[in-house]
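So you can see what is in the structure, the chains are spelled out below.
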Amino acid sequence: MKRNLIIAINLLITGMFLISCGEKKKESTVHEKAMSTAKPNIVLLFVDDWGWADVGFRNPIFHTPNINQLKKDGLNFERAYIATPTCSPSRASLLTGKEPVRFQMTRHIIDKREKVAEAGNEEFNLWPNDPVQRPSRNWLPLEEITYAERLKEFGYYNMFIGKWHLGEEKYHPTQQGFDAQFGTTNAGHPRSYYPPFFESEQDPMGFASNYNDEYLTDVLTDGAEKFISDYDREQPFMLSLWYYNVHGPFVGRKDWLEKYKAAGLVGEYAEYAAMVSAMDESVGRVRKALEAKGIAENTVVILLSDQGGKFTNAPLSGGKIGNTLGEGGARVPFIVYYPEVTKSGSVTDTPVQSIDLYPTLVEIASGKSGVDSHINGKSLLSLLNGKKMAPRNLYFFRSYEDQYTALIKGEWKLVKYHSGEFQLFNISKDISESHNLVNTYHEKSAELKTELLEWEKEAVPSF
């Protein structure tokens, strides 16, 4: 009897222990699930005039270990494009998910020092060499919906740091859905990357007035680090760090400049390379700040350029100046690291555009796809998850000279000029766009010409 009583007590204790462990395991599972479904923070690093080839994993001239590591960690987009590859339109399309020609922002917002004509009122300007004299806006209209405004609806806090170039103070980030801003001026580029950074009339809020010998990219990165380390809200955040780098004037950070000169680079190209490496350091510092805060594994990191570089973009043709709708002008570096979603070291050749980031961000923030019907971009979540994306056409617009529009359909690219010229390239076989096939592949040329014309009729406003 005594032995049976002891056995019974032991069984009771064991049962209670197992129930307790089961409850703890259940609690742990619930906690882990809650953690895994928590909305991620988002960091968007947007670089100015950074060429597709100007990174260490494509060109060993450039020392970019942090960007190389980001590529190893995330998904690298080999064929990422800007719909209108120039300064202000590229920013407007990123913010809105829309092709900028649709709201008549087809050129950069003019500096007060630029001698261009107003198109009837100060809202639009005319470019001297534009053969059709198309009006282009001087600011991003406040009625346009930005990704910051949409993410705010899903509980995000939005911080903006750096270059804006979408209008003066009444059109600044804090008027377009961002909760706070740092380092924002009215300038399209600094006068120097060492103080004084800006002319006083371009910096009415006096952002740059307290610096002596600091490098501008480091100042912005200091602001990003401080934001991350000090962030104490319960809601997730999106940090938009839009660099002035690597736009001219070409002023490299002194230590990097000496290293590149020692390696044999000279002149502006040495300065530019030093600027790229300073930007790479910033990418590393931001990621380290996320790690130090303990939130790196719940933060999406996105790195993107606004258009091609000024210098050689080989093997691509074209660039920032001249043949801007060429691959060297319209194709840009683009990497996304989404912890537990993107596969390490993955690559996609699917053609995408920067307008796709808006719906991607909305889907990440809301958990829903197709939320916005007024935009032109498509969410990239399927690609981030290692799946395929439905084929579609990508369209491009230019408004400075004879080069006019372009269309990419899979491996094919058609470029149209105001003068009536057309060019057709097979990008998969001819990445340098060396062989114009418009008079060789007549059926493909006719097909793409028709589709491009249909898009023009629908998307390009009359004036």
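These numbers come from a predicted model, not from an experiment. (Residues numbered from 1 in each chain as written. Predicted model: local features only at pLDDT ≥ 70, side-chain atom pairs only at ≥ 80, totals over all residues. Heavy atoms only, no water.)

Peer 1: Give me the lowdown on the overall build of the chain, citing residues and values where you can.
Peer 2: Across its full length, the chain holds 11 helices and 18 strands. Taken against the 2.2 N^0.38 rule, which gives 23 Å for 463 residues, the C-alpha radius of gyration of the chain at 25 Å falls within 12% of a compact globule. Seen along its three principal axes, the alpha-carbon backbone of the chain occupies a region of about 105 × 60 × 50 Å. When the 463 residues of the chain are sorted by exposure, 57% land in the buried category. With an accessible surface of roughly 20,200 Å², the chain has 53% of that area assigned to carbon and sulfur atoms. (Helix = DSSP H or I, 4+ residues; strand = E, 2+ residues; numbered from the N terminus. Rg over C-alpha atoms; globule rule 2.2 N^0.38 Å. Buried < 20%, exposed > 50% of the residue type's maximum accessible area, 1.4 Å probe, protein only. Areas by Shrake-Rupley, 256 points an atom, 1.4 Å probe, with all protein chains shown as cover.)

Peer 1: Outline the packing of helix 2 (residues 65–73) against helix 7 (residues 267–293), supporting the account with residue identities and numerical values.
Peer 2: It is at 7 Å that the axes of helix 2 and helix 7 come closest, and there the two elements cross at 55 degrees. It follows that helix 2 is oblique to helix 7 by the angle criterion. Facing helix 2, whose interface residues are Pro-65, Asn-66, Ile-67, Gln-69, Leu-70 and Asp-73, helix 7 presents Met-279, Asp-280, Glu-281, Val-283, Gly-284 and Arg-287. Classifying every residue of the contact of helix 2 with helix 7 gives 5 nonpolar, 3 polar and 4 charged. (Axes fitted to C-alpha atoms, helices over the stretch in contact; angles between N-to-C directions. Parallel < 35°, antiparallel > 145°, perpendicular 65-115°, else oblique. Contact = heavy atoms within 4.5 Å. Nonpolar A, V, L, I, M, F, W, Y, C, P; charged D, E, K, R; others polar.)

Peer 1: How would you summarise the environment of Ala-119 if you had to cite specific residues and measurements?
Peer 2: Position of Ala-119 among the secondary structure elements: in the loop between strand 4 (117–118) and strand 5 (124–126). Residue class for Ala-119 comes out partly exposed when judged on its relative accessible area of 23%. A C-alpha to C-alpha distance of 48 Å links Ala-119 and Val-341, two positions 222 residues apart in sequence. Once residues within four sequence positions are removed from consideration, Ala-119 is found in contact with Phe-124, Asn-125, Leu-126 and Pro-135.

Peer 1: Let's hear about the nonpolar core: which residues, and what values?
Peer 2: With 58 residues, the main nonpolar core has Trp-50, Ile-228, Phe-237 and Leu-239 as its most contacted residues. Top contributing element to this core by residue count: helix 7, with 12 residues. Setting aside residues no more than four positions away along its own chain, Ile-228 makes contact with Phe-237, Leu-239, Val-286, Ala-289, Leu-290, Lys-293 and Ile-295. (Core = buried A, V, L, I, M, F, W, Y, C linked by side-chain atoms within 4.5 Å.)

Peer 1: Could you give an account of the sheet that holds strand 16 (residues 403–409), with specific residues and numbers?
Peer 2: With antiparallel pairing, the 4 strands of this open sheet are ordered in space as 15-16-17-18. Each end of this open sheet is capped by a strand with a single partner; those strands are strand 15 (393–397) and strand 18 (422–426). This sheet shows a mean twist of 15 degrees between the axes of neighbouring strands, independent of strand direction. Where strand 17 (residues 412–417) and strand 18 come together, 5 bridges link them in antiparallel fashion. Paired with Leu-414 across the two strands is Leu-424, which belongs to strand 18. (Pairing = 2+ DSSP bridges.)

Peer 1: Explain the sheet that holds strand 11 (residues 331–332) residue by residue, including any values.
Peer 2: Strand-to-strand pairing in sheets goes through backbone hydrogen bonds, with the strands running parallel or antiparallel. Read from one edge of the open sheet, 3 strands run 11-3-14, paired in mixed fashion. Either end of the sheet is taken by a strand with one partner, and the two such strands are strand 11 and strand 14 (352–353). Here strand 3 (residues 80–81) runs beside strand 14; their pairing, made up of 2 bridges, is parallel. Paired with Ala-80 across the two strands is Val-352, which belongs to strand 14.

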